[in-house]
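So the chains spell out like this:
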Amino acid sequence: FIMNPAMVARYAPAYAKGMPNGTLGDQGAGIVLGMTAGGSTALMDKISAWRFINPPKAWSDAIVVNAKGERFVDETVYGATLGEHIGDHQGGIGWLIYDAALRKQAFKQARDPMLVPFQRDVTLLNLAFNAVKAPTLDALADKIGLDRATIAATVAAYNRAARGEVEDAFGKERSDMQPIERGPFYAMDISVESKFLPLPVITFGGLRVEEESGLVLDKAGKPIPGLYAAGRTAVGIASQTYVSGLSYADCFFSGRRVARHVARANR
Ligand SMILES: Cc1cc2nc3c(=O)[nH]c(=O)nc-3n(C[C@H](O)[C@H](O)[C@H](O)COP(=O)(O)OP(=O)(O)OC[C@H]3O[C@@H](n4cnc5c(N)ncnc54)[C@H](O)[C@@H]3O)c2cc1C
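Keep in mind that what you see is a predicted model, and the values were worked out from it rather than measured.

(A) Representation of the nonpolar core within the structure. Residues Ile-97, Tyr-98 and Ile-151 are the most contacted members of the largest nonpolar core, which totals 58 residues. For this core, the leading source of residues is helix α8 (residues 148–162), giving five residues. Two domains each provide a minimum of three residues to this core, namely domain 1 (5–49 + 200–266) and domain 2 (57–189). Leaving out residues up to four positions away in the same chain, Ile-97 has contacts with Ala-62, Ile-63, Val-65, Leu-137, Leu-140, Ile-144, Leu-146, Ile-151, Ile-180, Tyr-186 and Ala-187. Counting five residues, the second-largest nonpolar core is a separate cluster that includes Ile-202, Phe-204, Ala-238 and Tyr-242.

(B) Geometry of helix α7 (residues 137–144). Those residues of α7 that sit buried are Leu-137, Leu-140, Ala-141 and Ile-144. One side of α7 carries all its buried residues, which in axial view fall inside an arc of 100°. Residues of α7 that are buried in the fold lie against β5 (95–99), β6 (132–134), α8 and β7 (185–189). Of the residues one or two after α7, Gly-145 is the one with positive phi, at around 85°.

(C) Local environment of the domain arrangement of the protein. Under the domain assignment, the protein is made up of domain 1 (5–49 + 200–266) and domain 2 (57–189). Summarising the inter-unit geometry, the C-alpha centres of domain 1 and domain 2 are found 35 Å apart. Between domain 1 and domain 2, the contact holds nine residues from the first and seven residues from the second. The three residues of domain 1 that bury the most area against domain 2 are Tyr-15, Lys-46 and Ala-49, which together make up 56% of that side's buried surface. The tally of links between domain 1 and domain 2 comes to two salt bridges. Residues Glu-84 and Lys-46 are paired through a salt bridge, measuring 3.9 Å at the closest nitrogen-oxygen approach. Applying the counting criterion to the domain 1 and domain 2 interface returns three residue pairs in polar contact (both at pLDDT 80 or more).

(D) Structural view of the packing of α7 against α8. Contact geometry for α7 and α8: axes closest at 9 Å, N-to-C directions at 130°. With respect to α8, the element α7 is oriented oblique. As α7 packs across α8, the resulting crossing turns out to be right-handed. Contacts from Leu-137, Asp-138, Ala-141 and Asp-142 of α7 reach α8 at Arg-148, Ile-151 and Val-155.

(E) Examining the pattern of salt bridges more closely. A complete count under the given rule lists 14 salt bridges for this structure. Linking Asp-88 and Lys-46 is a salt bridge whose minimum nitrogen-to-oxygen distance equals 3.3 Å. Remark: Lys-46 occurs in the loop between β2 (41–42) and β3 (47–49) and Asp-88 occurs in helix α4 (residues 79–89); sequence separation between them is 42 residues. The class of Asp-88 is partly exposed, set by a relative accessible area of 34%. For Arg-71, the salt bridge is made with Asp-168, and the minimal N-O distance between the two is 2.7 Å. A residue pair is termed long-range when its members are at least 10 positions apart, and Arg-71 in the loop between β4 (63–65) and α4 and Asp-168 in the loop between α8 and β7 qualify at 97 residues. Because the salt bridges share partners, they merge into one network encompassing Arg-71, Glu-75, Asp-168 and Lys-172.

What counts as what
Residues numbered from 1 in each chain as written. Predicted model: local features only at pLDDT ≥ 70, side-chain atom pairs only at ≥ 80, totals over all residues. Heavy atoms only, no water. Core = buried A, V, L, I, M, F, W, Y, C linked by side-chain atoms within 4.5 Å. Buried < 20%, exposed > 50% of the residue type's maximum accessible area, 1.4 Å probe, protein only. Helix = DSSP H or I, 4+ residues; strand = E, 2+ residues; numbered from the N terminus. Domains from an automatic or database assignment. Contact = heavy atoms within 4.5 Å. Arc of directions from axis to C-beta. Buried area = accessible area lost by both parts, 1.4 Å probe. Salt bridge = Lys/Arg side-chain N within 4 Å of Asp/Glu carboxyl O. Polar contact = N/O pair within 3.5 Å; in protein donor to acceptor, adjacent residues only side chain to side chain. Axes fitted to C-alpha atoms, helices over the stretch in contact; angles between N-to-C directions. Parallel < 35°, antiparallel > 145°, perpendicular 65-115°, else oblique. Left-handed = near helix turned anticlockwise from the far one by under 90°.

Now the structure itself:
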């Protein structure tokens, strides 16, 4: 139902300002139809949000911080995992913090002929227009509203781990870390609402179904005879968390489950 703003605002408000990712037909009609026939829903607030920050690798070598200036994740995690951290656990706010050396590398990496246009152009657009710049970390913190002491401590800890002096608090590999040490320093808005780096979002909740048959369950948890749900109209394997392929695979699986049950009933 990602193309139905009223449903998104009602069920998944944390992602209402994300970029709806799908077709105009994704209106939630199947879910609503099932509800009007007595079906109950679950996990309607579950959204997969795709925040990919590599390429360029220079970005994932840097740090992502929350509204206070604290890191909360290994920046090399899968994009849907980073999106979930930002949207579900950090109030929708994320900043990518990098320095002059990393910026230079990012420009160079954007010219890699292996990149497809949407990777290259998005990188260049964000380097040009989504980059708050300041000569010192303190000045950067003031510009974007971070706590000076927190971001200073965050960067100092990261730099120690990047130099191999200590283990990274989030288990990030040293080969994926570079110290952030020479100004000017930059902050890129990677929040849910980022204007230059829109966050693609899709929904994963739906009608509750009986595991064996795909029959829709009513509010008491009883199957409703003759009413089935499959794919993303139903709660399924992908509904809690998403990795590429999980949704398609679940659509096939749940469609076949319904077809088998219908065929058996008819026999
Ligand atoms: C850009 C993008 C990339 C994605 N990449 C991946 C990926 O790599 N791996 C992955 O697993 N998932 C991916 N997904 C998610 C995945 O595509 C969807 O979750 C999945 O297609 C949902 O399948 P579905 O059958 O439930 O719904 P849909 O594929 O939306 O099918 C519903 C069908 O019902 C039809 N319909 C609607 N209303 C009516 C009506 N009233 N009467 C008759 N027919 C109707 C529609 O026309 C449509 O054909 C991606 C999604 C997007 C948008």
